[in-house]
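Here is what each chain is made of, one letter per residue.
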Amino acid sequence: MRIDVFTLVPHAFAWMCEQRPLAAILGDSLELRLLNYREFTPLRGGQVDDEPYGGGAGMVLRVDVVAAALDAVYGGVPEHRVIALTPQGRILDQRLVEELAAENCLTLLSARYEGFDERILQHLCSDTLSIGPYILSGGELPAMVVIDAVARLLPGALGSEESGREESFSRELEGGLEYPHYTRPAEFRGWRVPEVLLSGDHQRIAAWRREQSRVRSRQ
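Okay, so let's go over this structure. From a predicted model like this one, the values you see are computed outputs, not experimental measurements.

Reading the values: rules and limits
- Residue positions are given per chain, counting from 1 as you read along its sequence in written order.
- Per-residue local features are limited, in this predicted model, to residues with pLDDT of at least 70; the limit for side-chain atom pairs, both in listing and counting, is 80 or more; totals at the level of whole chains, interfaces and linings are taken over all residues.
- Excluding hydrogens and water, the side-chain values take into account all heavy atoms of the structure.
- A run of H or I in DSSP becomes a helix once it reaches four residues, and a run of E becomes a strand once it reaches two; helices and strands are each numbered from the N terminus.
- The span expected for a helix works out to 1.5 Å for each residue beyond the first.
- Here the term buried applies to any residue with accessible area under 20% of the maximum for its type, exposed to any over 50%, and partly exposed to those in between, with areas from a 1.4 Å probe on protein chains only.
- It only takes one pair of heavy atoms within 4.5 Å for two residues to be counted as in contact.
- Here, axes are lines fitted to C-alpha atoms. For helices the fit covers the stretch in contact, and angles between N-to-C directions go from 0 to 180 degrees.
- By the definition adopted for this analysis, an angle is roughly parallel if under 35 degrees, roughly antiparallel if over 145, roughly perpendicular if from 65 to 115, and oblique otherwise.
- Following the grouping adopted for this structure description, the nonpolar residues are Ala, Val, Leu, Ile, Met, Phe, Trp, Tyr, Cys and Pro, the charged ones are Asp, Glu, Lys and Arg, and the polar ones are all others, Gly among them.
- For two strands to pair, DSSP has to find at least two bridges joining them.
- Any carboxyl oxygen of Asp or Glu within 4 Å of a side-chain nitrogen of Lys or Arg constitutes a salt bridge here.

The next subject is helix α3 (residues 63-74). Its 12 residues give α3 an end-to-end C-alpha distance of 16 Å, which sits within 8% of 16 Å, the value for a rise of 1.5 Å per residue. Turning to α3, its buried residues number three or more, namely Val65, Val66, Ala68, Ala69 and Leu70. Of the surrounding elements, those touching the buried residues of α3 are β1 (2-7), β4 (60-61), β6 (105-109) and α5 (118-124). Where α3 terminates, the next one or two residues include Gly75, which has phi positive at roughly 75 degrees.

Rendered as structure tokens:
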């Protein structure tokens, strides 16, 4: 799979490329390209944004800049999914993550400050995506969230395939939340690990975990 990210701050992604799950699959099941709008802008001085028509605070990413970047990299708007990261978009959930992970190629468009010229969303993108009902200073963090969530589903990303099988929102847990986990010591400050987890009875443990998952999800 290949993910292309268009951004003004490609260096912001450096840390996550050194950590799992990305570090385990980069160059193998995932190719990640970080593309700087300023390298493709047709404007002088590396300009990429401008003041909004009609007045108002902030700067808006220009449609001609994004179009020039897509033209330079793909020879036009690509046939694969081009996703703008914006508060107006479809809310990211595990079902959408699984949908994206099934693609061969994705392009993520990130903006800063006031966001995109509306014509980018209308004519240069196939999808818009939001990671939640709040405002950030740019699309880099949402892009990282998408990349991390998608990468976890790719072959070789996790230390064990079992790691991703029973977790929150998985089919194995009926789309619900993951059950609680405990580790040593078995008792700490009077707080004991549930006895069923110490029993060695894997059938009882599995039943307890499923019930705990259902309880958490209902709550």
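Moving on to the packing of helix α4 (residues 94-101) against helix α6 (residues 140-151). The geometry of α4 relative to α6 is characterised by a closest axis approach of 9 Å and an angle of 75 degrees between their N-to-C directions. On the basis of the axis angle, α4 is roughly perpendicular to α6. Contacts between α4 and α6 involve Val97, Leu100 and Ala101 from the first element and Val146, Ala149 and Val150 from the second. Looking at the contact of α4 with α6 residue by residue, the class counts come to six nonpolar, no polar and no charged.

With that out of the way, let us pick up the sheet that holds strand β7 (residues 127-130). The strands making up a sheet associate through backbone hydrogen bonding, with each pair oriented either parallel or antiparallel. Read from one edge of the open sheet, five strands run β2-β1-β6-β5-β7, paired in parallel fashion. Each having just a single partner strand, β2 (31-36) and β7 make up the two edges of the open sheet. Sheet twist, expressed as the average angle between the axes of neighbouring strands with direction ignored, equals 30 degrees. Here strand β5 (residues 81-91) pairs with β7 via five bridges, running parallel. Counted as the bridge partner of Ala84 is Thr128 from β7. Strands β1, β2 and β6 of the sheet are contacted by α3, whose axis makes an angle of about 145 degrees with β1. Across the face of the sheet, α4 comes into contact with β5, β6 and β7 while running at roughly 170 degrees to β5.

Moving on to the pattern of salt bridges. By the definition in use, this model includes 14 salt bridges. With a closest N to O distance of 2.8 Å, Asp4 and Arg33 form a salt bridge. Residue Asp4 is located in strand β1, and its partner Arg33 is located in strand β2; the two are separated by 29 residues in the primary sequence. For Asp4, a relative accessible area of 0% translates into the label buried.

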